[in-house]
Amino acid sequence: NTMSTMKNEIDQRKDVLITIKTEIIQRLNIQRDESQIDDDTALFGNGLKLDSVDATEIVVMLDKVFDIKVSESDDPSYMRSINNLATFIIQKKKA
């Protein structure tokens, strides 16, 4: 049933998004509540204003929390926003 598959994927995405936000807030000491961070929030620039040290921390988080090893061949645009990060994680999990 495609509807249930879609619902599962939506639920999975929600879980991933919440986990990303919670982890980023805790690891990077972001002074915001999870609910205050929009899914389309940019990680760098005007969004959460992260820097290269934070980017390294996100790579560590991907490894520790999601068991995902980022490789040199991965398109770095996954770091663009919370949503991009979620898509990246879900695609890696399927692979």
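Here, every reference points to the structure presented above.
These remarks concern the structure in this document. (Residues numbered from 1 in each chain as written. Predicted model: local features only at pLDDT ≥ 70, side-chain atom pairs only at ≥ 80, totals over all residues. Heavy atoms only, no water.)

Digging into the packing of helix H2 (residues 52-66) against helix H3 (residues 82-94)
Turning to step 1, where the next piece is worked out: Packing of H2 against H3 leaves a shortest axis separation of 12 Å and a crossing angle of 40 degrees. As far as their axial angle goes, H3 and H2 are oblique. Here H2 runs over H3; the crossing is right-handed. Contacts between H2 and H3 involve Ile58, Met61, Leu62 and Phe66 from the former and Leu85, Phe88, Ile89 and Lys93 from the latter.
Turning to step 2, where the next piece is worked out: For the contact of H2 with H3, the per-class residue count stands at seven nonpolar, no polar and one charged. (Axes fitted to C-alpha atoms, helices over the stretch in contact; angles between N-to-C directions. Helix = DSSP H or I, 4+ residues; strand = E, 2+ residues; numbered from the N terminus. Parallel < 35°, antiparallel > 145°, perpendicular 65-115°, else oblique. Left-handed = near helix turned anticlockwise from the far one by under 90°. Contact = heavy atoms within 4.5 Å. Nonpolar A, V, L, I, M, F, W, Y, C, P; charged D, E, K, R; others polar.)

A look at the pattern of salt bridges
Turning to step 1, where the next piece is worked out: What the rule picks out here adds up to seven salt bridges.
Turning to step 2, where the next piece is worked out: Arginine 27 serves as the salt-bridge partner of glutamate 23, at 2.7 Å between the closest nitrogen and oxygen. Note that glutamate 23 and arginine 27 are positioned in helix H1 (residues 2-28) at a spacing of four residues, about one turn of the helix.
Turning to step 3, where the next piece is worked out: Residue classification places glutamate 23 among the buried residues on the basis of a relative accessible area of 18%.
Turning to step 4, where the next piece is worked out: Of the residues examined, arginine 27 reaches a relative accessible area of 29% and is grouped as partly exposed.
Turning to step 5, where the next piece is worked out: Residues joined by salt bridges that share partners form a network here, namely Glu23, Arg27 and Glu57. (Salt bridge = Lys/Arg side-chain N within 4 Å of Asp/Glu carboxyl O. Buried < 20%, exposed > 50% of the residue type's maximum accessible area, 1.4 Å probe, protein only.)

Thoughts on H1
Turning to step 1, where the next piece is worked out: Over its 27 residues, H1 runs 38 Å from end to end, which matches the ideal 39 Å to within 8%, given 1.5 Å per residue.
Turning to step 2, where the next piece is worked out: Within the sequence span of H1, burial applies to Val16, Leu17, Ile20, Lys21, Glu23, Ile24, Ile25 and Leu28.
Turning to step 3, where the next piece is worked out: The inward-facing, buried residues of H1 contact H2 and H3.
Turning to step 4, where the next piece is worked out: Of the residues flanking the end of H1, it is asparagine 29, one or two places downstream, whose phi is positive at about 50 degrees. (Expected span 1.5 Å × (residues − 1).)

What about the nonpolar core?
Within soluble globular proteins, side chains that are nonpolar tend to cluster in buried spots.
Turning to step 1, where the next piece is worked out: By size, the foremost hydrophobic cluster in this structure holds 25 residues, and its most contacted members are Ile20, Ile24, Ile58, Leu62 and Leu85.
Turning to step 2, where the next piece is worked out: For this core, the secondary structure elements donating two or more residues are H1, H2 and H3.
Turning to step 3, where the next piece is worked out: Every residue in contact with isoleucine 58, bar those within four places of it in the chain, is listed here: Ile24, Leu28, Leu43, Leu50, Met79 and Leu85. (Core = buried A, V, L, I, M, F, W, Y, C linked by side-chain atoms within 4.5 Å.)

Quick word on the packing of aromatic side chains
Turning to step 1, where the next piece is worked out: Counted under the stated rule, the structure contains one aromatic pair.
Turning to step 2, where the next piece is worked out: Ring geometry for tyrosine 78 versus phenylalanine 88: centroids 4.0 Å apart, planes at 15 degrees, classification stacked. In this pair, tyrosine 78 sits in the loop between H2 and H3 while phenylalanine 88 sits in helix H3, placing the two residues ten residues apart along the sequence.
Turning to step 3, where the next piece is worked out: When its relative accessible area of 8% is taken as the criterion, tyrosine 78 is described as buried.
Turning to step 4, where the next piece is worked out: With relative accessibility at 9%, the residue phenylalanine 88 sits in the buried group. (Phe/Tyr/Trp six-rings, centres within 6.5 Å; stacked < 30°, edge-to-face > 60°.)

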